[in-house]
Structures are given as structure tokens and as C-alpha cells.
There are 2 protein chains.
Amino acid sequence: MLSPPCSVFSSSSSSSAFSAFSSRAISSSPQPHPAWSSSGGQEAMGGPPPGFRPSGWVHLLHQVPHTNFQLRPVASTFAPQEQDYQQALLLVAALAGLGLAVNLLVLGLYLLRSCCRCRRPKTGPPEVSGSPDGGGCVTWSCVAALLLGCAGIGLGFYGNSETSDGVSQLSFSLLHANHTLSSIDRLVSETVERLGSAVRSELTTLEEVMAPRTELVAAARGARRQAEAVAQQLGELAFWRDVPLSPIRVAEGVSFVEEYRWLAYILLLLLDLLVCLFTLLGLAKQSKWLVIVMTVMSLLVLVLSWGSMGLEAAAAVGLSDFCSSPDPYVLNLTRAETGLNPEILHYYFLCNQVVSNPFQEKLTLSQRSLASIYSQLQGLEREAVPQFPAAQKPLLALEETLNVTEGNFHQLVALLHCRGLHKDYGAALRGLCEDSMEGLLFLLLFSLLSALALATALCSLPAAWAHFPASDDYEDPEDDDPFNPQESKRFVQWQSSI
Amino acid sequence: MLSPPCSVFSSSSSSSAFSAFSSRAISSSPQPHPAWSSSGGQEAMGGPPPGFRPSGWVHLLHQVPHTNFQLRPVASTFAPQEQDYQQALLLVAALAGLGLAVNLLVLGLYLLRSCCRCRRPKTGPPEVSGSPDGGGCVTWSCVAALLLGCAGIGLGFYGNSETSDGVSQLSFSLLHANHTLSSIDRLVSETVERLGSAVRSELTTLEEVMAPRTELVAAARGARRQAEAVAQQLGELAFWRDVPLSPIRVAEGVSFVEEYRWLAYILLLLLDLLVCLFTLLGLAKQSKWLVIVMTVMSLLVLVLSWGSMGLEAAAAVGLSDFCSSPDPYVLNLTRAETGLNPEILHYYFLCNQVVSNPFQEKLTLSQRSLASIYSQLQGLEREAVPQFPAAQKPLLALEETLNVTEGNFHQLVALLHCRGLHKDYGAALRGLCEDSMEGLLFLLLFSLLSALALATALCSLPAAWAHFPASDDYEDPEDDDPFNPQESKRFVQWQSSI
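Residues numbered from 1 in each chain as written. Chains lettered and ligands numbered in written order. Predicted model: local features only at pLDDT ≥ 70, side-chain atom pairs only at ≥ 80, totals over all residues. Heavy atoms only, no water.

- An unreviewed UniProt entry annotates chain A as Protein tweety homolog originating from Monodelphis domestica.
- According to its UniProt record, chain A has this under Subunit (unreviewed entry): "Homotetramer; disulfide-linked. Homodimer."
- Under the Sequence similarities (unreviewed entry) heading, UniProt states for chain A: "Belongs to the tweety family." (UniProt positions renumbered as here; feature names shortened; annotations may be inferred.)

Written out as C-alpha cells, the structure is:
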């Protein structure tokens, strides 16, 4: 193993002849070394960190055939700006409209048929006058349908919450990315400013103090040039400085829309729940007017359910198209919005072994310049301080500035590395494509169950209602009424007992 | 602004006199510069990234008084290894046992009273024989209670899923942290190995080729010593190498336990749901034997609900104690399990402006050594290659190794920075203290609603059952039976019409 004791190095001064090349070497290779581009992160990444993988649902929904209004097939690549793709999604949504039309048609025909049968003159014993499916059966099937609807509403609440969770994760990731990007900017500004002020004040003082010895002044000037080079290199690393896109504003926009989406669904779910519960109450109390009002409300909510189903289906298909390969779309969109170098965007969005760090060269050059400044300051301290005691103070201040700059440099290396921002990207994708997708599917299931339940209820409500007692202001079937099933039962029991 | 053109630096060779101090300077300061500890991340962090904040529920539950079995107050700091604290949590769980006892007592007394009233001889018309709360009212209140129970079951499914999500996030964060830690290890091993092989082969070849000129050989030896120093410094950065704790194994353990917890809850929820639905079916069909079986099952599920409520209450209080200030406990536990330097643990778990980077010094020294090796290689290339053309090949190979090492070094700086691992820690905490906590509260609500619903159902079931028709093998009340309420109603209607 390579583990010589530290003391071995304290006596090494044999390399004096070549260290002088460092400053030239830094500026003489503006084009990257061929080895950089191939080996920057080749063996080091150790496989990408556990990230986002599209789920089975994404793959399944991505297979849904896409056609435009002329029924010509459309590529299922996510492209919301293209008219053909928009038409494909609208067609998916229109399927729900078709479902609503068929549903209403079937419902109308069924009710018409029931109505015709109801209007036949009542003759003979009750076995004949009742519809073939007895009133009790009708009521219980209606109750079962409404309970199914309530279960669907539970799923809807869950789905709405999951969707919201996913979008929150997206917003949170955007905020985190914004924090990283603004930290890079701030770190670069602070470091550049600090270096600049050190160059302006301490190095100038130093040069004035050491004016009698020109070779020392020349060394200080060398350090000044290196510091200026570092400041310039670092300044170029703040790649997000003049970008017009602010992740925080995107996050705010997303949260704003999501808030209203969430609220709209909560209202729809509550409306649905109220209709189910009041219909159940109407059936329990055998209150005609309540059941009639709820029949009308059910019709309204049925239309809303089919409408929301259309929106959800289109959103789920669109989201699955996006999630099946999100990178190209996000890359193109970000490139168009930010005007950033594609190399930088690829580095952050892909962050794998193939893409090399676009900042590697600037970082290495800065690092070498910083090391060179350090060695020059150490030399000045050794050579100049015995002769010019006044040089000690600016030299110490410069060393401290250098130490801070090196600390900041390491932070900057960490912040610029793709790992952090790519993790935010992965978390945003997971939020959108796992949580929100799952939530959307649950909302779809809710809409489907709700539509089924309401359609069944609408079929059976008029039949159940026809079996209600004739009196309209009939409120409490439990009390003293011979038509009340309980009371009539007791009456029959009492009759048979006497 | 400091933006001189690059060409300015290409002619700088005035600093030759001082660059020679670099190698000495590196090894002569083994103790960190005072400026390091204070300014390493002082101004650069720009505020901590958006992280974990304990929620209101955590604060509220943390306020629950903690006492041991002797009812002496216990500190509410999370300390699961302390007997007093364990006793405090057991007492919280025991409250649910008390609740169960009271519930069973009240239930027994109520049923006893109902039973006594039932056994009174039936005299007079049915208005007198029925209990004051009519059978219908009893049935409907039982149905309402069961529906409330079903709503609670929905909440339970949601809570179970949320808890599971939170624990998944914890596992995911642990896997991510493991990836980072193993990447550091692998990166260090690879880099050290690559440097070692370069020192053994290329540098030895170089020294042999340049043997005639001793000052060049001395320069190569200088580079060799620097490379060995870098290898040693980097080797010391792989801080997780001999640590006995594997985050991946912790994640596996957590997932294993969570899988069984999830399954147990699903089974409990399904059992609860089945009991509710079959009881409703029994009421609908007026099937005596079904209602009797379900009464017994309800009693069993009632006990299970109170039991789970106790577990959840204790878990929620314990989790809130943990989440109100997780850092000290996690720090102590990790220190005990890993035996790592507290400075390193503080750096990763706190990651704020106060804690300086414990690797800063080693990183800076490595960086300077790398820059120094680079300048020495450049010097050798310029001085030796014209004289010894055979030196060019090993020199190029060495430069490539150096470039790869610098790339790896920047990756290592990024991986070692607290930002990545601290983000994993924050995500794990958010998973546990937000999602799992929320899920646990929903589960608690489920247990409470379930217990209430079942207690109500148990109170009303015998009363409802007493109102069922006498025949025990009574299966289908809809068909041809005069005791069927629907049929009896129709019969009465028919009687009144003729």
C-alpha cells in the first residue's frame, strides 16, 4: 500500500525546477484534454443512483392507440404543442362523452319502458301489480349501487390526495433545485467578490511594501494574475445567472393550478357523497320529494362524473406518454426556455457515465490556479517577511482569503455535480409519474364507479319511488302507519296471534 | 470586473522562484489553518436547503404526559432503551386496554338490561311488546353505525397506505445513502489503485529512461512522493470502509417489518369490512344465524380494534417524541453503531453553517498535490522529451491518469459534501415523521371509529335481532312469505283495495 509517513514529504524540495510551469500549463490548454471527455466520470459513477422507472400502468396507457380527428394514427410521443397530439387526447376524452350519451340513451329507454309498464291499469292481486323485480329488490339494488358509489368516493378521496402528493413532490423538487441553483450563483458571486477585493487591497499593499525587490513584486503580480484567472473561471461557472426561467415560479404556478384542481375534486366528491347519502336517506324515510330532488341531482352528478372521467382519461394517457420517456421532452423544453448549452442540460438530466462534466475543465484549471497561488504566497511569506515585516499582515489576509476560496470551491464542485440536481429531477418525475399517476387512476376508478352507481340508482330510483306509499308529505314511516312495513308486519303478527 | 483575456497568462513565468514551495507547504501544515474551521462553509451554504420541520401533530402528541408504572413523570425525550420510557409508552397503550374494559362493561350492562326487558311477558297489541326504540329505529341506527365503520375502514386503508409510503421513503433514502457511501468507497479504491499502478509502472519507467540526468530523476521522484501522498490522503477519505453498519441491511430490515405490519393491517381491515358487510347483509336478509355469527365476530373485532388502537397510540406518541428532535437520538445511535468520528457525523446530520467540512483539509492538500504533480509532469515533458523520446509515452499515460484522478477527485468532493447525504436524511425523516405519522393518525382514527361502530352495532344487534321473525331458517324475505314486510305491506294494500 501507498502509505508513507507524512514526514517524508517535508524535506522534498527537489522539484523546484518544474513547478514553475504550472502557470503556463494552466493557460496553455484552453481545449480540453482528450482524456477528460472520456474518463471524467467513467468508472467513478458506479452505476446511476436508484432513480425513476416507468411503472406498468404507464406502459399500458402508453399503448392506447392515438389518432387525430381524421382517425389517422398519431405518434404516441408526448408533444402537447402539436395539433395532432392534442386531437388524439381530445378523442380519448371524447370517448367519455360517447359513454355519457350511450348511458343517457339506455337510461331513457329503460325509464320509458318502466313508465309504460307502470301506467298499465292495476288489476288482480299485488303479485301482478308489482313490477317483476319487487320494490324491495329494487330498493336494495339501489342501496347496493349507492354503497358502491360511496366506496368509489372513498377511492376518489384517496386518489385526489395521492395526485396532490405527487404534485407537491414536484413542487418540492423544483424548490430544492432552485435552492441549489441560487446557491451556486451566490457562492460564485461571493467568492469572486472576495477574490477581487483581495486583489485590489491586499495584493496592492503587498506590491507597494515589496517595491524595492522587483522579483518579489513580479511574484505578487503572478499571484494577482492567477487570482484574476480564478475569478474569471469561477464567474463562468454560474451558468444559471442570466437564465429567464425560475424554478420557484414554475413551482408556484404548478401549486396554484393544483390547489384549484384539488378543490374542484373535493367539491365534486362531496357533492357525490351528499347525493348518495341523501338518496339513501330518502329511501330510508320513503320521502318522495327528497328522492325526486336526488334523482335530478344524480343526473347532474352523472354528467359531471362522465365529464371528469373524460378529463382523467385524457390526462392519464398524456401523462403516460410523458412518463414513458420524459427526458427528451424535458430537455427540449428546458433548452427552449433557458437557452442553456445542451451539454450542460444533458449532464444534469441524464447524469450517467456517458455524459462528461461540462465544468470539469474550468474546475481543474481553477484548482491548479488556486494551488499555484498558494505556493506563491508561501514563497513570498518565506522570502519577503524577514525583509519587509509590513508584508506579513496582507500575506496572512491573502492566505485566509485563499483558504475560504478553497472551501467555497469544494462546495461549488459539490453543488455543480449532477448528482444533486439529477436527484431533484428524479424525485419530481417519481412524484408525477408514480404518485400522481396512481392518484389519477384512482380518480378514474372513482368516476367510473360513480357513473355506474348513479346510472343504476337512476334506473332503480323511479321504480323504488313508485313503490312508496301514495301520501306525499310522508315523513316518518316508523310511527303509527299501517302502510309502514314494520308496523304492518306487527299488525299481521298481532292478527295471527289473536 | 476581473476579466482579463486568457492570453495574458500564457506568458507568466515570473513566479518560478516561489512555486517550489508548494510541496513543502503541503506537508508542513498538518494542523488545519484557523481559517478553515470557521470559514469552510460559512457564507457559502446560503441557508439550509428546504428540509424537515416537525408538524403540529408531532408537537401535540409530544405534549402527552409520560409517566412510568409508579406514575412518576418521565422525560418525553425519545429513549426506547430506557425502562422508564418503555413503561410510559406501555401506559399509553394500556389506556386502550382500559377503554376496552369500560366498553365491554357498558356493553354487558346494556345487553343485560335489554335482555331483562325482552324477557317480560308479551301482553297486549304490538305497540306495547316492542321496546320503546322501535325495531326499525334500532336497525337503522345499527346500519348507520356500520356505515360509519365502513367509512372508518376507508380511512384505515388510506392510513395504512400512507404509513407504508412513509416507510418506503425511509427505505429508499437508506438505499440512496448506501449508494453514495459505497460510491465514495469504490471511487477512492479505484483512484488509489490507478495512482498506485501509475507510480509503480509509468513513473518507474520514466525514472529508468531519464537515469542519465539526475535532476530529472529527482523531479520524477518528487512527483512519485506527491502521488503517494495523494493516494494516502484519498484513502483516508473513505470513512465508511470499515464501518459494520450497512444502510442497505437496515433498509431490508425496515422493509421486512413494514411488509408484515402492512399485511396485518390489511387483514384486520378486510376482517372489519367483512364483518360490517355481512352484518348489513344479515340485517337486510333478516337472517338470524348470520347476525348471531356476526355478533360474535364483532366482539372479536372490537377487541382487535381496541388492541390496535393501543399499539397505534403508543407508536404515535413514541414517533412524535422521536420526530420532535430526531438529531440527537440518530446521532447517538449512529455513533454507537458505527464508531465514526463525531465530527463527521455532525457534519452529515446537521449540515449547517456551524459545522465545518471535516474532509476540507485532506481535500485541499490532495488538490494542491495534484496541481503540483501536474506542474512537475509539464516540466518533465518540456525538459525531458526532447532528450529522451522514450519518456513521452509514460508521460502521456501519467497525464491521462492525472486527468482521470482530477475528475474522480471532483466527484469525490461532490459525494463527500454533506448536501447529498443530508438530503437523504431529511427525506427519511419526512417519510417517517410526515407520511408515516399521518398514516398512523388515520389508523388511530380507523380504530376509534371501528370500535365505536362495533360497540354501537353490538348494542343494537340483539335488539334488532329480537325483532326478526320467529322462524330460524328464514332465508329470503322477498319470496312468498306473509311475514315479509314488503309482502305483508302489499297484502295489506291489496286487502284495503278489495
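Looking at empty space enclosed by the protein
Okay, step 1: Tallying each qualifying case throughout the model produces 8 cavities of 30 Å³ or more.
Okay, step 2: In this structure, the largest cavity occupies an estimated 210 Å³ of space.
Okay, step 3: What lines the largest cavity is a set of 18 residues, among which Ala414(A), Arg419(A), Gly420(A), Arg419(B) and Gly420(B) lie closest to the centre.
Okay, step 4: Put simply, the parts of the chain that give the lining of the largest cavity at least two residues each are helix H8 (135-209), helix H15 (392-416) and helix H16 (418-466) of chain A together with helix H8 (135-209), helix H15 (392-416) and helix H16 (418-466) of chain B.
Okay, step 5: For the lining of the largest cavity, the element with the highest residue contribution is H16(A), accounting for 5 residues. (1 Å grid on protein atoms, 1.4 Å probe; cavity = no way out; pocket = protein on both sides within 12 Å on 5 of 7 lines; lining within 4 Å. Points joined across faces, edges and corners; volume = space filled by probe spheres on them. Helix = DSSP H or I, 4+ residues; strand = E, 2+ residues; numbered from the N terminus.)

Observations concerning the packing of aromatic side chains
Residues and elements named next belong to chain A.
Okay, step 1: Under the counting rule described, the total for this entry stands at 27 aromatic pairs over all chains.
Okay, step 2: For the ring pair Phe-239 and Tyr-348, a centre distance of 5.5 Å and an interplane angle of 20° mean the geometry is stacked. One end of the pair, Phe-239, is in the loop between helix H9 (214-237) and helix H10 (247-285); the other, Tyr-348, is in helix H13 (residues 342-350), with 109 residues separating them in the sequence. Each of the two residues, Phe-239 as well as Tyr-348, counts as buried.
Okay, step 3: Between Phe-349 and Tyr-425, the aromatic rings sit 4.7 Å apart at their centres with planes inclined by 75°, giving edge-to-face as the arrangement. With a gap of 76 residues between them, Phe-349 in helix H13 and Tyr-425 in helix H16 connect regions that are remote in the sequence.
Okay, step 4: The exposure class of Phe-349 is buried, given its relative accessible area of 12%.
Okay, step 5: Residue classification places Tyr-425 among the buried residues on the basis of a relative accessible area of 12%. (Phe/Tyr/Trp six-rings, centres within 6.5 Å; stacked < 30°, edge-to-face > 60°. Buried < 20%, exposed > 50% of the residue type's maximum accessible area, 1.4 Å probe, protein only.)

Here's the deal with the environment of Arg200(A)
Okay, step 1: Mapped onto the fold, Arg200(A) is located in helix H8.
Okay, step 2: In this structure the C-alpha to C-alpha distance between Arg200(A) and Ala453(A), which are 253 residues apart in sequence, comes to 78 Å.

Looking at the pattern of salt bridges
Okay, step 1: Counted by the stated rule, this structure contains 14 salt bridges over all chains.
Okay, step 2: The shortest N-O distance in the salt bridge between Asp424(B) and Lys423(A) comes to 2.1 Å. Note that Asp424(B) is positioned in helix H16 and Lys423(A) in helix H16, a pairing that runs across two chains.
Okay, step 3: Lys423(A) gets classed as buried once you look at its relative accessible area, which sits at 17%.
Okay, step 4: Connected through shared salt-bridge partners, Glu207(A), Arg221(A) and Arg224(A) make up one network. (Salt bridge = Lys/Arg side-chain N within 4 Å of Asp/Glu carboxyl O.)

Brief notes about H13(A)
Residue and element names in this part refer to chain A.
Okay, step 1: When we look at burial in H13, the residues that qualify are Ile-344, Leu-345, Tyr-347, Tyr-348 and Phe-349.
Okay, step 2: In this structure, the buried side of H13 is in contact with helix H12 (326-338), H15 and H16.
Okay, step 3: Of the residues trailing H13, Cys-351 is marked for its positive phi of about 50°. (Contact = heavy atoms within 4.5 Å.)

Concerning the nonpolar core
Okay, step 1: Within the largest apolar cluster, 159 residues are counted, with the highest numbers of intra-cluster contacts made by Phe239(A) and Phe239(B).
Okay, step 2: With near-sequence residues (within four places) excluded, Phe239(A) lies in contact with Leu181(A), Ile184(A), Leu340(A), Ile344(A), Tyr348(A), Phe359(A) and Leu416(A). (Core = buried A, V, L, I, M, F, W, Y, C linked by side-chain atoms within 4.5 Å.)

A short note on the UniProt feature "transmembrane region" (unreviewed entry) in chain A
Residue and element names in this part refer to chain A.
Okay, step 1: When the UniProt feature table is mapped onto this chain numbering, "transmembrane region" (unreviewed entry) sits at residues 88-112, 262-283, 289-307 and 440-465.
Okay, step 2: Segment residues 88-112 splits into 100% helix and 0% strand. End C-alpha atoms: 36 Å apart.
Okay, step 3: Counting secondary structure, residues 289-307 comes out at 100% helix and 0% strand; the distance between its end C-alpha atoms is 27 Å.

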